[in-house]
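Close look at the chain arrangement
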Amino acid sequence: MRDPGAPSWLRQIPAVEARRLCWIQEFFIAEDRVRMREPKDMPPSRNRIESPYDGEARYCVKNATEWSGYKVHLTEARDANYPHLITHVATVTDIEMTETIHTTLDEAGLLAGEHFVDRGYVNAKLLATSVGSHGIELTGPIRHDITWQGKAGEGFTIDGFRIDWDSHAAVCPQGHRSVRWKPHQQQGPGYWQSNVFFDRHDCATCPVRLKCTRSKTEPRKLALAPREEHEAIRARRQLQETDQWRRHYATRAGVEGTIAQGLRRCGLRRNRCIQGTLSQGLFGRVEAALPRTCWPGSPRRRCNGVGRFTTSRSTCPPAAGPRSELGCPMPPWSSTTST
């Protein structure tokens, strides 16, 4: 293909280019011999092509399950007076989808005031900006403190330090003030973090040093997210430990049934044709939505948001008003549009 006599259009064929990339990521030439790459030398899974027949499929893992393909994201409306219809579907690789879902629903005029999600859809930036950006409250747990102090349940976590955001300083639980505050950008454009350093002498002579750092010589260092995100994390971690918040978040439990229905009724686990993943998801959305277009007075599913979904059923008192030939109350709108 790279031979000077080969036609130039040959390299522009997508199928040929896909196969070339597959070979490059798996093999290399050294000393005139073809050798396999070590796993550490391969591209990360988010960029690695799994099949020359489907360039968008990626390696995925969930707990102990591994597969090559996609992940499906479903969003379902939760309204006490209307059917719980699926309002958004996406079949993509493992990327953060929350902002994409909010933007898409906002453009379609389907955005609700509150969005119930699982931990995988929540991060500090979304907690701090979702209300201001889209007017939606993001209800979901944030991950717990993953530092050794937080995991052990002892020692001085970041919440034990008093942060003076205006003067760019932090005060440790022993009353020592930081000596340096260094903002820097990380994890791609637009994400900033501040490293906060304490005096080496203060930390070396501290009587409770073992509760603060495991380093034998270096002082304690803090990594702080921007102020709005830092405060959003602290507030959510405190809130999600309360019984009231847990009861409110239990609303999301019924959404697990949507994925179960998609797997059993619509065959979402396997793609029916090459490059038809999104179409299958859309048709599955319609197929899954039809049986649930019930109204007050008939069984229906509770709650729902985004994520993996269990079934829960509830009933409402019969609604007044005209009824269809099947005996279900007629919807409040006079017409619908199909496309």
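Here the residue numbering is sequential within each chain, running from 1 through the sequence in written order. Reporting of local features is limited, given that this is a predicted model, to residues whose pLDDT is at least 70; pairs of side-chain atoms are given and counted only at 80 or more, and all residues count toward the totals for whole chains, interfaces and linings. Remark: hydrogens and water are excluded; side-chain values derive from all non-hydrogen atoms of the structure.

Turning our attention to the overall build of the protein chain. To qualify as a helix, a DSSP run of H or I must reach at least 4 residues; to qualify as a strand, a run of E must reach at least 2; elements of each kind are numbered from the N terminus. From N to C terminus, the protein chain includes 9 helices and 15 strands. The method behind every accessible area is Shrake-Rupley, applied with a 1.4 Å probe, and residues are considered shielded solely by the protein chains displayed. When the accessible surface of the protein chain is summed, it comes to about 21,400 Å², and 52% of that surface belongs to carbon and sulfur atoms.

Within this model, the largest cavity holds a volume of roughly 130 Å³. Detection works on a 1 Å grid of protein atoms alone, calling trapped sets that fit a 1.4 Å probe cavities and calling open sets with protein on both sides within 12 Å along at least five of seven lines pockets, with lining residues defined by an atom within 4 Å of a point. In terms of lining, the largest cavity is formed by 15 residues, of which the most central are C172, C203, C206, C212 and R220. Per-class residue counts for the lining of the largest cavity are 9 nonpolar, 3 polar and 3 charged. Grid points are joined across faces, edges and corners, and a volume is the space filled by probe spheres set on the points. Note on residue classes: Ala, Val, Leu, Ile, Met, Phe, Trp, Tyr, Cys and Pro are nonpolar, Asp, Glu, Lys and Arg are charged, and everything else, Gly too, is polar.

The subject of this paragraph is the sheet that holds strand β12 (residues 192-197). In this analysis, strands are considered paired if DSSP registers two or more bridges between them. The strand order β11-β12-β13 describes an open sheet built from 3 strands, whose pairing is antiparallel. Each end of this open sheet is capped by a strand with a single partner; those strands are β11 (180-185) and β13 (221-224). Recorded for the sheet is a direction-independent mean angle of 20° between the axes of neighbouring strands. Judged from the 4 bridges that link them, β12 and β13 form a sheet pairing that is antiparallel. From the neighbouring strand, N195 faces β13, where its bridge partner is A223. Interaxial angles span 0 to 180 degrees and are taken between N-to-C directions of axes, which are lines fitted to C-alpha atoms, for helices over the stretch in contact.

For T242, the location among the structural elements is in the loop between α6 (227-239) and α7 (243-249). Here's how the labels work: a residue is buried when its accessible area is under 20% of the maximum for its type, exposed when over 50%, partly exposed in between, all with a 1.4 Å probe on protein chains only. Here T242 falls in the partly exposed class, since its relative accessible area comes to 32%.

Phi angles above zero are rare outside glycine, and D32 is one such case at about 65°. Structurally, D32 can be placed in the loop between β1 (27-30) and β2 (33-36). By relative accessible area, which is 77% here, D32 ends up exposed.

Let us now look at the pattern of salt bridges. By definition here, a salt bridge exists when the distance from a side-chain nitrogen of Lys or Arg to a carboxyl oxygen of Asp or Glu is within 4 Å. In this structure the tally under the stated criterion is 12 salt bridges. As a salt-bridge pair, E31 and R35 come within 3.9 Å of each other at their nearest N and O atoms. When salt bridges that share partners are traced, they join D166, R227 and E231 into one network.

Of all the residues in helix α2 (residues 98-108), the buried ones are T98, I101, H102 and L105. Seen along its axis, α2 keeps its buried residues to an arc of 95°; they face one direction. Looking one or two places after α2, you find G109, whose phi comes out positive at around 70°. This arc corresponds to the set of directions leading from the helix axis out to the C-beta atoms.

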